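# Remarks on the overall topology
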Amino acid sequence: MKFDNKNIIILSLLFIMVIGCLNQDEIPQKNDGTMDIVLQTNFDIDSLNTKQYWTSLPVEIFTYNYNDYHYVDSTDSNGIVRFENIPFAEYNININSEIVVDYGTFLDTMPIVASGVYNLNNMTDSVSTIEILSGGSNKGLKINEIYTAGPPNNFFFFYDQYFELYNSSDEVKYLDGMIFCRMWTSILEVTSIFQFPGIPLTGTEYPVEPGEFVVLAQDAYNYKDEIFNGKASIDLTVADWEFVNSLDFGDWDNPDVPNLECIEVGEHREFMVGLTMDILILADGSDVNYIDGVDSMSVVDGVEYASSATHTKDLESYVDRGFGGVGQQKYSGQSLERKVAGFDTGNSTIDFEIISAPTIGYQHE
Amino acid sequence: MIIKYNERKMQPIKKKTIAIIILVLFSFPGLFAFENNFFTDDSKYDIFNSQVSLYSITNNPAFFKITFNENITKYSLTGSKKNNFIYREYSPKQEQNNNLEIITSKNLNSNSTIASVITYNQDIKFDMKHSLEKDFYSHYFSFSDTTTGDTKFAGPQLQFLFNHSLNDKIYLGIKGNYGIEQGLKDIYTQCETIARNFDVSIGGGFQSTDKSTVIGGFIRYSDRQDSYEAVKEYMDALVRTYVGYHIYRPEYSRSSNHKTDSQKGINYSLQFYKKIKNLKIILNGNYGYTTNNIETGSTSKPTNVAYWQREGNNYSSDFIYDFGDGKSSIRIGYDYKKTDDWAKNPEYNTVVIENEEIKNRINFGLFMTPNMLMKFSINGNIENVNQNYKEHINMFEYTSDHINFGTDLYFQMQLTDVLSLDINGGYGKFKPHFTWEIDSFNEINIGTGIERYFRFGFVKIEGNYTKYSPSDGEKNINEYQISLSLRK
């Protein structure tokens, strides 16, 4: 190859071709910056849409886009709340409170919940409406708390998982023969299945009184003192039940705590679920043939949770219309609990919230 | 055109040279840099000449041969330690740098010169809080977690320059720079950083027959990519991406968080040199821009969190008057530098950060060789800096209009036939970046070196001490540096 003018020109052209691939962008016309959000609250029960109930409802907005942007304000007598000069971002809206309802002959408290995402396309509208769900329509035995994320630690410890059930109905419910399952992506795909002792549907040996909590521990062990020297984790010897797989010879079995037994043939693993993403089902036990999943008619409650807001919803919507736990961190000691004990709209996105520490056998405030 | 060189003699050299050029240019398309300054500031070759030169001002590879024409090789080993008794929130408390460098320049024949700088650099940042970046504050979209740990960065860098004159008047030059650097934080999230760079300049120049006039220009293309991987975060190690210096995006919880930083840039530069009797005039103009795409998230589903563009120009004029048979000179120069930054949120197409910085600087210097045994120089500069920085998301604005100045002194003396001593010192006052929250720093540095001639070359040992003291406060930053070199 001669180092002549031709080669120099070719090299120079190739160089210009390389740099010619680079384009500059035009600076956008609008600056990022502040925005106003004006929300009109609206109850799902028409009779509540009066000044009496609209006034002073606490409304919280927060964003996952940036740090430390969390605002709380109250509605005026028209049910309107304004957030002005807040950073431009996508905001989640949350109402979790209770109102005192006048039933004529008596007064009673009613939990109210609203949840939504403020759509930035609404910027042209002056007011956005947020629907408030009153009461929580579905009563019964509920999966009330899911503690799976693990305590703060740096050695990937998450074995202090537990699940809390709550009877939100006015009648006694029975755990006899019920099954508690970890699912894959649908109620048709069982990953782990454990069963309470007793006869399904008709057994009355293991009652749950109205308003009672029941704690199901992965293992009824005192992790707090035995592993973390009292500095982290929890004492699960207070659990009402523990999951035991008799084929897992290393599985801890507390003799003082009754067991849910694994009923999957040949399964050697103990009950263990995803730290910040999974699906749990509580079913009445009328269908224990897990090969084809769980019969939808037998499902008592189901919850899907995932820490990522971009998670693709898996579980059938007639079991759970959403998923809870967005933003939950692994190894954080955080727990996922219903906003009000037993509160169930059939949508875990609305029903659950992340709490900073587990509440074994009681409801957070 | 008549090409005046011995073609038969040049043949093997050409093959090697062109092979390297092609390797650098095309074997690494889209390669990257960890030391791509926006405007090139290449003073490595100034070991050949302690006076300000055409090449050191313009950085046009075509002018290397005009400025330096000695064969030289220098090996140096440098170690430095910096104690930051005051530091910014996300800066290290202590820094250590070890550097091995080999600088060579060889005249292949009367037409061609080749030069290279091979460097292996190791940087250790001790007790660095939160930052997963080498320098948290030099980037608007820094990656961080919530741990404090030590991070070690290390890697080689190769700079190559080839300068060729087609005839007595026309000069061509190419300069390439390729480097790779790896960093690892010693605590979870054990963030691993890989930075790669590619930087190439092609320049041309014309020199008049009487060598009194030189006109030239070059185009520079730079390409840089930084990649970060922070793994297995837990409560105490939340991964975040800052937008400016006050607000951050929490990254979603996942087994590993990634960030990639892809920067490309172009500079165009024109130069003019004129010698009128003892007066040299050097005019230099430079325009450039870089584009930078920042993505975070997982490798399979990255999110484009920001686009950052920097545009700027740099004009300088230097007047150098030689006296004392050209062994002494006096210099005065003016330097105008303007950089404009803006960054947008690609999702909403809105501007999130804007920064404008204008520097007007006057330089002056005196270089003297009173006799064969002594060299002496004194330099000074004073600059006006005007800055306007805005973060739009949380409405932060910083404006500043301030003066910095600096002076330095250099003295070299031949003690014996084979032994020489040099001493240098400097003093300056400057206002640091606003994130320091300090009005100004006083900078003092002092250094000395002793060089001895042996049959195999010149061996030099140097020591340097620098101290930065804030105008208000007793604590300071100090840096010790020791260097051993062999020059042939």
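Residues numbered from 1 in each chain as written. Chains lettered and ligands numbered in written order. Predicted model: local features only at pLDDT ≥ 70, side-chain atom pairs only at ≥ 80, totals over all residues. Heavy atoms only, no water.

## As for the overall build of chain A
Basically, it comes down to this: Secondary structure follows DSSP: runs of H or I at least 4 residues long count as helices, runs of E at least 2 residues long count as strands, and numbering of each begins at the N terminus. Every radius of gyration here is taken over C-alpha atoms, with the globule rule written as 2.2 Å times N^0.38, N being the number of residues. Buried residues are those whose accessible area, probed at 1.4 Å on protein chains only, stays under 20% of the maximum for their type, while exposed residues exceed 50% and partly exposed ones sit between those limits. Contacts: residue pairs with any heavy atoms within 4.5 Å of one another. Calculation of accessible area relied on Shrake-Rupley with a 1.4 Å probe; when residues are assessed, cover is drawn exclusively from the protein chains displayed. His is not counted, nor are the chain ends, whereas Lys and Arg count as positive and Asp and Glu as negative. In plain terms, the charge of a residue is placed at NZ if it is Lys, CZ if Arg, CG if Asp and CD if Glu.
Across its full length, chain A holds four helices and 20 strands. The C-alpha atoms of chain A give 26 Å as radius of gyration, which overshoots the globular expectation for 365 residues (21 Å, by more than 25%). Within chain A, buried positions represent 55% of all 365 residues. Sequence separation of 24 or more characterises 63% of the internal contacts of chain A that already satisfy a separation of 6 or more. Just so you have it, chain A exposes about 16600 Å², and 51% of that area is on carbon and sulfur atoms. Across chain A, 17 positive and 57 negative side-chain charges occur, with their mean positions spaced 11 Å apart.

## Let's talk about the domain arrangement of chain A
All names here are of chain A. Stated precisely, the cut-off is as follows: By convention here, the domain bounds are inherited from an automatic or database domain assignment. Take the accessible area each of two parts loses on contact, using a 1.4 Å probe, and add the two losses: that sum is the buried area. Any pair of N or O atoms that falls within 3.5 Å is considered a polar contact. Within protein, one atom must be able to donate a hydrogen and the other to accept it, and sequence-neighbouring residues count only if both atoms are side-chain atoms.
The domains assigned to chain A are domain 1 (3-133) and domain 2 (141-355). Each of domain 1 and domain 2 has a C-alpha centre, and these two points are 33 Å apart. Across the contact, eight residues belong to domain 1 and nine residues belong to domain 2. Here domain 1 meets domain 2 over a buried area of about 730 Å², counting both sides, of which 68% is carbon and sulfur. Connecting domain 1 to domain 2 are two residue pairs in polar contact (both at pLDDT 80 or more). Elements represented by at least two residues in the side of domain 1 that touches domain 2 include exactly β5 (91-102) and β6 (107-118). By residue number, the principal contributor to the side of domain 1 that touches domain 2 is β6, which donates four residues.

## Details of the pattern of salt bridges
Note the threshold: Any Lys or Arg side-chain nitrogen found within 4 Å of a carboxyl oxygen on Asp or Glu counts as a salt bridge.
As enumerated under the stated definition, the model contains 29 salt bridges over all chains in all. A salt bridge links B:Glu89 to B:Lys129, with the nearest nitrogen and oxygen atoms 3.6 Å apart. Note that B:Glu89 is positioned in the loop between β1 (72-84) and β2 (94-107) and B:Lys129 in strand β3 (residues 112-131), a separation of 40 residues in sequence. Looking at B:Glu89, the relative accessible area reads 45%, which means it is partly exposed. According to the relative accessible area criterion, B:Lys129 is partly exposed, its value standing at 30%. Between B:Asp322 and B:Lys280 there is a salt bridge, and its shortest N-O distance comes to 3.3 Å. Within this pair, whereas B:Asp322 is found in strand β12 (residues 302-323), its partner B:Lys280 is found in strand β11 (residues 279-297), the two being separated by 42 residues in sequence. Taken as a pair, B:Asp322 and B:Lys280 share a single burial class, namely buried. Connected through shared salt-bridge partners, A:Lys142, A:Asp301, A:Arg338, A:Asp344 and A:Asp351 make up one network.

## Thoughts on the sheet that holds strand β3 (residues 70-74) of chain A
Hydrogen bonds between backbone atoms are what pair the strands of a sheet, whose relative direction is either parallel or antiparallel. Residues and elements named next belong to chain A. Quick note on the threshold: Any two strands with at least two DSSP-identified bridges between them are counted as paired. Every angle, taken between N-to-C directions, lies between 0 and 180 degrees, and every axis is a line fitted to C-alpha atoms, over only the stretch in contact when it is a helix.
As summarised here, the arrangement of the seven strands in space is β3-β2-β5-β6-β7-β1-β4, forming an open sheet in which the pairing is mixed. Each edge of the open sheet carries a strand with a single partner, namely β3 and β4 (80-87). Each neighbouring strand pair of the sheet contributes to a mean axis angle of 25°, computed without reference to strand direction.

## Here we look at the side chain of B:Lys344
By secondary structure assignment, the location of B:Lys344 is in strand β13 (residues 328-345). Its relative accessible area of 13% is what places B:Lys344 among the buried residues. Setting aside anything within four residues of it in sequence, one finds B:Lys344 in contact with A:Asp25, A:Pro28, B:Val305, B:Ala306, B:Tyr307, B:Asn349, B:Thr350, B:Val351 and B:Val352.

## Points about the sheet that holds strand β20 (residues 352-355) of chain A
Residue and element names in this part refer to chain A. With respect to topology, 11 strands assemble into an open sheet ordered β18-β17-β11-β12-β16-β15-β14-β9-β8-β19-β20, the strand pairing being mixed. Each of the sheet's edge strands pairs with one partner strand only, and the pair in question is β18 (299-306) and β20. The average angle at which neighbouring strand axes cross in this sheet is 25°, direction not considered. Here strand β14 (residues 213-217) pairs with strand β15 (residues 241-244) via two bridges, running parallel. Along β15, the bridge assignment pairs Ala217 with Glu242.

## Examining the pairing of strand β16 (residues 396-414) of chain B
Residues and elements named next belong to chain B. The sheet contact formed by strand β15 (residues 374-391) and β16 spans 18 bridges and is antiparallel. Bridge pairing links Ile382 to Phe405 in β16. Here β15 hands over to β16 after four residues, with Met395 in that stretch at a positive phi of 55°. Strand direction decides the pairing type here: β16 and strand β17 (residues 419-430), joined by 10 bridges, are antiparallel. Of the residues in β17, the one forming a bridge with Asp408 is Gly426.

## Re the nonpolar core
As a rule of thumb, soluble globular proteins bury nonpolar side chains together. Inclusion rule: Here, nonpolar core means buried Ala, Val, Leu, Ile, Met, Phe, Trp, Tyr and Cys residues that are tied together by side-chain atoms lying within 4.5 Å of each other.
Judged by nonpolar contacts, the single largest core of 50 residues is most densely connected at A:Ile37, A:Leu39, A:Phe43, A:Ile99 and B:Phe141. Looking at this core, the element that brings in the most residues is β5(A), giving five residues. Not counting the four nearest positions on each side in its chain, A:Phe43 is found in contact with A:Leu48, A:Asn49, A:Tyr53, A:Trp54, A:Leu57, A:Ile99, A:Ile112, A:Glu131, A:Ile132 and A:Ser134. In terms of nonpolar packing, the next biggest core, distinct from the first, is built from 25 residues, A:Phe163, A:Leu216, A:Leu280 and A:Leu336 among them.

## Some words on the environment of B:Thr104
Residue and element names in this part refer to chain B. Tracing the backbone shows Thr104 in strand β2. Along the sequence, Thr104 and Lys74 sit 30 residues apart, while their C-alpha atoms lie 6.3 Å from each other. A polar contact of 2.8 Å, which involves the side chain of Thr104, links it to the side chain of Ser116.

## Some words on unusual backbone geometry
Residue and element names in this part refer to chain B. Phi at Asn59 is positive, roughly 60°, even though this residue is not glycine. If you trace the backbone, Asn59 turns up in the loop between α2 (54-58) and α3 (64-67). Of note, the phi angle at Glu437 is positive, near 55°, even though the residue is not glycine. Within the fold, Glu437 resides in the loop between β17 and β18 (441-454).

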